[in-house]
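Breakdown of the fold
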Amino acid sequence: MIKKILVIVLVLITSISYAQEGTSSPYSFYGIGIQKFKGTVENNSMGGLSVFADSVHLNLQNPAAFGELKLTTYTVGTSYTNFKISNEVESSSGDNASVDYLAVGIPAGKFGFGFGLIPTTSVGYQLSTVRDDGSELEFTGTGGLNKVFLAAGFKVNKNLSVGVDFNYNFGNIENKSILERPNVQFDTRELTSSNLSAFTFSLGLFYQTMLSQELQLSASVVSTPSAELSSEVTRDLASVIINDSGQEAVVQNQEAQIEEQEIDLPAELKIGTGVGKQRKWFVGAEYVYLDAGKFTNVAASQDNVEYKNGSKMKLGGFYIPKYNSLTNYFSRVVYRAGVRYEKTGLHIDNNSIDEFGMSFGVGLPVGRLFSNANIGFEYGQRGTTDFGLIKEEFFNVSISLSLNDKWFRKIKFN
C-alpha cells in the first residue's frame, strides 16, 4: 500500500511541477503570478475558511490542525476553470485545468504529521499592444511557484493544538516579449527565465471549547513571516523569424546572466473564529492581512504598478442533515457554502485590483470509514473594466478525494 502511495506521489509531483500553468490571467504578468488558493476543496467551498478542523479531513492552511487527526488521511485535488476576460471594447474566453494539491496526514497519539505538494502561484498570460509607429509588441508568460511542505501539530490538551510547517518553495517563470516592426526583416525577441527558491515556515494555533451542551466555539491563528525568495535570472536577446504557424527561428542571439535578485515574500496573518454543533453545522469568519508593500516583479518593474498591503475577508460554513443516517444517503452529505472578498495588494495606475468570489460544494461519503469525494463550485471576479483596466470573470469546478485509513493498529491475541 505504501509503495503504491509513493508511486502516485511521484507521478503527481512531476505533473504539478512541470505540466501546468493553472491560470490565463493578464494580472499574472505582475509579481510572481496569481496567488492560488493553498487549501483543500472542502475549505475553498466555504469561502476559503481555515478556522475549522476535525479528525478526518486535512486542513492545509493551519498546521495546528494536524494535531486533531485521528485517521491517516490522503487527499488530492484538481480543478477546471472557465474564464472570460474583457475591457471596455472587447472580450475573450477560454479554459484551463490543473492539479491543485497532494497531501498526506498521519496521526501519532497527541502528534499529527503531514507532507505534500501545493502550487502557490501561477503565471499564464498573452498580451499585445500596437504602437503609434505601427510596430506590435507581444508579451507571453508561463510558470509559477510550488511548495513542498512538512507539517507537525501537537494537541496540548482537549481544547488547544499548536503546529508548525516548513516549506521549500521552488519554480520557474518564463517571460517573453517579441517586437514586430513594419518593413524590418527580423523580429526582436527577449526571453527572461527566472528560477525561484526559498524556505518559509508558518506557526498555527487552533482552539475549541464548548459554549453550551451543544454549541462549540472554534478559533485559529496562523502567522507566516516574510522571507527572501532567491531569483536566478537569465535573459536571451535574439533576432528571430516567425512563420505563419507561430514557430520561431533564431537568426542571432546573445545570452546574458543577470545578477541574482532577492524578492520579498509578504508576511501573512490569519485570524478566524466560528461556532457550530459537532457533526451538524458550522459558521465561521476569517480575516487575513498580507504585508505586500515590498513585493516586486521578477522580470521588470513598471512605473504605473505598485504593491500595497492587502487583506481578505471570508465567511462560510457547512451543514450535515444527519451524519449517521442508515437509510438516507443524502442526509450524510456535507453541504458547504461561502463568500470572500480580497484586496490583492496590486495597484495599477493607483487603482486597487480586488477580487470577489462565492462558492458552494458537497462532500459525498464513499467507501468505508469516513472517506469522501468533494465537489466544489466557485464564481468569481477580479479587476474592473473601469480606468482602462481588465475584468476577469471565472467559474471553477473542483474535485478532491479525501481517503481515510487506520495505521499502527495494535495486534491483539486471543
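Refer to the structure printed above.
The structure reproduced in this document is the subject of the present report. Keep in mind it's a predicted model, so treat the numbers as computed, not measured. (Residues numbered from 1 in each chain as written. Predicted model: local features only at pLDDT ≥ 70, side-chain atom pairs only at ≥ 80, totals over all residues. Heavy atoms only, no water.)

Describing empty space enclosed by the protein
Under the definition given, this model contains 3 cavities of 30 Å³ or more. Roughly 50 Å³ of volume is contained in the second largest cavity. Forming the walls of the second largest cavity are Val 41, Asn 44, Ser 45, Ser 359, Phe 360, Gly 376, Phe 377, Glu 378, Asn 396 and Ser 398. By residue number, the principal contributor to the lining of the second largest cavity is strand β17 (residues 372-383), which donates 3 residues. In the lining of the second largest cavity, the residues fall into 3 nonpolar, 6 polar and 1 charged. (1 Å grid on protein atoms, 1.4 Å probe; cavity = no way out; pocket = protein on both sides within 12 Å on 5 of 7 lines; lining within 4 Å. Points joined across faces, edges and corners; volume = space filled by probe spheres on them. Helix = DSSP H or I, 4+ residues; strand = E, 2+ residues; numbered from the N terminus. Nonpolar A, V, L, I, M, F, W, Y, C, P; charged D, E, K, R; others polar.)

Observations concerning the pattern of salt bridges
Applying the stated criterion across every chain yields a total of 15 salt bridges. In this structure, Lys 343 and Asp 354 form a salt bridge, with 3.6 Å as the shortest nitrogen-oxygen distance. One end of the pair, Lys 343, is in strand β15 (residues 334-348); the other, Asp 354, is in strand β16 (residues 351-365), and 11 residues separate them in sequence. For Lys 343, a relative accessible area of 36% gives the class partly exposed. The salt bridge involving Glu 392 is made with Arg 382; its shortest N-O contact spans 2.6 Å. Pair noted here: Glu 392 is in strand β18 (residues 391-405) and Arg 382 is in strand β17, with a separation of 10 residues, a long-range link. When its relative accessible area of 5% is taken as the criterion, Glu 392 is described as buried. The class for Arg 382 is buried, based on a relative accessible area of 9%. (Salt bridge = Lys/Arg side-chain N within 4 Å of Asp/Glu carboxyl O. Buried < 20%, exposed > 50% of the residue type's maximum accessible area, 1.4 Å probe, protein only.)

Here's the deal with unusual backbone geometry
Look at Asn 350: it is not a glycine, yet its phi comes out positive at around 65°. With respect to the helices and strands, Asn 350 occurs in the loop between β15 and β16. By relative accessible area, which is 62% here, Asn 350 ends up exposed. With phi around 60°, Phe 387 is a residue other than glycine that occupies positive phi space. Within the element layout of this structure, Phe 387 appears in the loop between β17 and β18. A relative accessible area of 60% means that Phe 387 is categorised as exposed.

A word on the layout of surface pockets
Empty space among the atoms becomes apparent when a probe as large as a water molecule is rolled across them. Counted as a void, the largest pocket has a volume near 1,200 Å³. Forming the walls of the largest pocket are 44 residues, and the residues nearest its centre are Phe 52, Asp 54, Ser 55, Val 56 and Arg 279. Mapped by element, the contributors of at least two residues to the lining of the largest pocket are α2 (41-44), β7 (187-210), β8 (215-224), β11 (267-277), β12 (281-291), β15 and β16. Taken together, the residues of the lining of the largest pocket break down into 17 nonpolar, 17 polar and 10 charged. Here the second largest pocket defines a volume of roughly 900 Å³. If you list the elements that add at least two residues to the lining of the second largest pocket, you get β2 (72-86), β3 (91-108), β4 (111-130) and β5 (136-155). No other element matches β4, which puts 6 residues into the lining of the second largest pocket.

A word on the nonpolar core
Among the nonpolar cores identified, the biggest contains 20 residues, and Tyr 27, Tyr 30, Ile 32, Leu 229, Leu 346 and Ile 348 are the most heavily contacted of them. Contact partners of Tyr 27, with chain neighbours within four places excluded, come to Ile 34, Leu 346, Ile 348, Ile 353, Arg 382, Gly 383, Thr 384, Leu 389, Ile 390 and Glu 392. Counting residues in each nonpolar core, the second largest holds 10 residues, with Val 41, Phe 66, Tyr 101 and Ile 118 among its members. (Core = buried A, V, L, I, M, F, W, Y, C linked by side-chain atoms within 4.5 Å. Contact = heavy atoms within 4.5 Å.)

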